[in-house]
Structures are given as C-alpha cells and as structure tokens.
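Commentary on secondary and tertiary structure
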Amino acid sequence: MIKNIIWDWNGTIVNDASVFVVVMNSVLSRQGLKKISLEDYKQNFCFPIKKYWSFLGFKFDDSSFNKMNKEFISLYKKKMFSPSLHCGIVDVFKILKKHGLSQFVLSASESSLLRESVSHYNIQSFFLDIWGVNNLNALGKESLALDLIKQYNLDPKETLLIGDTEYDLKVALAIGCRALLVSFGHFHKSRLVGLGPVVVDSPSKIPSFVFS
C-alpha cells in the first residue's frame, strides 16, 4: 500500500519543457550553434546536464560550463513563472491529500529556486516538505532522496516516486521505492516505455495507479 508520494517538479508538475527549449535556444544562438525544437529536446535531453550540453555542441571545461550554466539559469529565472501547471495535477494533489498520503517534492533544481517556484503556484500546502539540490548543475538528487527517506523515516515499500525522466527511475532505485513515469514532461514517451515502470500520459491516471 502506498502511503508516501515523492514528486519530481520540472516536467512532472509544471509544464515547462518549452521554457527550457526557448532558454537553451538563446544560449545556443549566442554560441553560434544550431537551435533545437521541442521534439528534439524531448528525444535527447538527459542527465547529467553536462552530457546534454556536450551533445548540443558546446565545448567547455568545468569553469566555462559553470559560467554558461549560470547564464542559462539567469535567463531561465526570467521565464520560470510563465508555464502553467499540468492540467489536472492539482486535482491529483487534492485526492491524495484527502486519502491521507504524505506528499513531497524532490527536484534536481536548486533549493531556493524550487521553493520560490512552488510558492508562486500556491501549492505548497499539499506537500510535507520540498527538497532541492544545493547547486545549479542538477547534481545530487539520489543522495538528497536518501536523506529525505531517512529524515522522515519513510518505508521505501510504501513510497512511490513520480517523475518524467530516466533519472527519476534511477533515484527511485537508489532509495528502493517504486516509480511511476509520466510521458507529458521532458522525455518523449518512446524513451520511457520499456524502462520497467508504468508510464501514464495524463495526470488523471495517477490516482488509479496509486490506489490499485
């Protein structure tokens, strides 16, 4: 029986893949590199993000990558409140809360940016806690998940992680819990099917999986 839900943020709750594409295209243009489409992004985006940047044609060392990524984050912050939440996702939060499940947000986004985002959409009351990483490079989500499990004494067998990327599956495996993947985020459905977990294409299908 599932008693705890750990939600990913970007792509899973907030419909922001297109924002990442717009911001990335701005950075690509400044570097004289080919722009990407939303379809390109969903077919190729991956973690660690250095790997994805390298795939796009960026040349960098650690120092220059950190500089470019800070530029990316600066541009992203100007647009971070422009996307909407996925249609129906708040109804899912309400259903799960009504049934007494504990809900958390766990993201590879930097902690202060994540909390600011959740607060902007006025949905913080649904979550027992909100956990983001302590860097701008989307590193450390697995260790953060382990800390969350330990701090709240969650039983992994009673916990479900909901996310939109293969990285979320890796995080779920790291803490020994089940995963549910959504195909309306940053990964194309074709990349998720076959990984193992159930893949749903609408927030409305989440409660029936949780209570099945």
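The rules behind the values
- Residues numbered from 1 in each chain as written.
- Predicted model: local features only at pLDDT ≥ 70, side-chain atom pairs only at ≥ 80, totals over all residues.
- Heavy atoms only, no water.
- Buried < 20%, exposed > 50% of the residue type's maximum accessible area, 1.4 Å probe, protein only.
- Helix = DSSP H or I, 4+ residues; strand = E, 2+ residues; numbered from the N terminus.
- Arc of directions from axis to C-beta.
- Contact = heavy atoms within 4.5 Å.
- Phe/Tyr/Trp six-rings, centres within 6.5 Å; stacked < 30°, edge-to-face > 60°.
- Salt bridge = Lys/Arg side-chain N within 4 Å of Asp/Glu carboxyl O.

Here helix H7 (residues 141-151) has its buried residues at Lys141, Leu144, Ala145, Leu148 and Ile149. Buried residues of H7, viewed axially, fall in a sector of 140 degrees; they line one side. Structural note: H7 exposes Lys150 and Gln151 on the side pointing more than 90 degrees away from its buried face. Check the buried side of H7 and you find it contacts strand E1 (4-7), strand E2 (102-110), strand E3 (129-133), strand E4 (159-163) and helix H8 (166-175). Positive phi shows up at asparagine 153, right after H7, with a value of about 50 degrees.

With the rule as written, the count across this model stands at 18 aromatic pairs. With 4.7 Å between their ring centres and 35 degrees between their planes, phenylalanine 47 and tyrosine 167 make a pair best called tilted. Within this pair, whereas phenylalanine 47 is found in the loop between helix H2 (38-44) and helix H3 (49-56), its partner tyrosine 167 is found in helix H8, the two being separated by 120 residues in sequence. On the basis of relative accessibility, which here comes to 24%, the residue phenylalanine 47 falls in the partly exposed class. Taking relative accessible area as the criterion, tyrosine 167 reaches 10% and is therefore assigned buried.

The next subject is the pattern of salt bridges. According to the stated counting rule, one finds 7 salt bridges in the structure shown. Lysine 3 is the partner of glutamate 158 in a salt bridge, and the nearest nitrogen-oxygen pair spans 3.5 Å. Residue glutamate 158 is found in the loop between H7 and E4, and its partner lysine 3 is found in the segment before E1; the two are separated by 155 residues along the sequence. Residue class for lysine 3 comes out partly exposed when judged on its relative accessible area of 40%. Put simply, glutamate 71 and arginine 30 hold a salt bridge, and the shortest N to O gap is 2.6 Å. Of this pair, glutamate 71 sits in helix H4 (residues 62-77) while arginine 30 is found in helix H1 (residues 17-30), placing the two residues 41 residues apart along the sequence. Several salt bridges converge on common partners, so that one network encompasses Asp8, Lys141 and Asp168.

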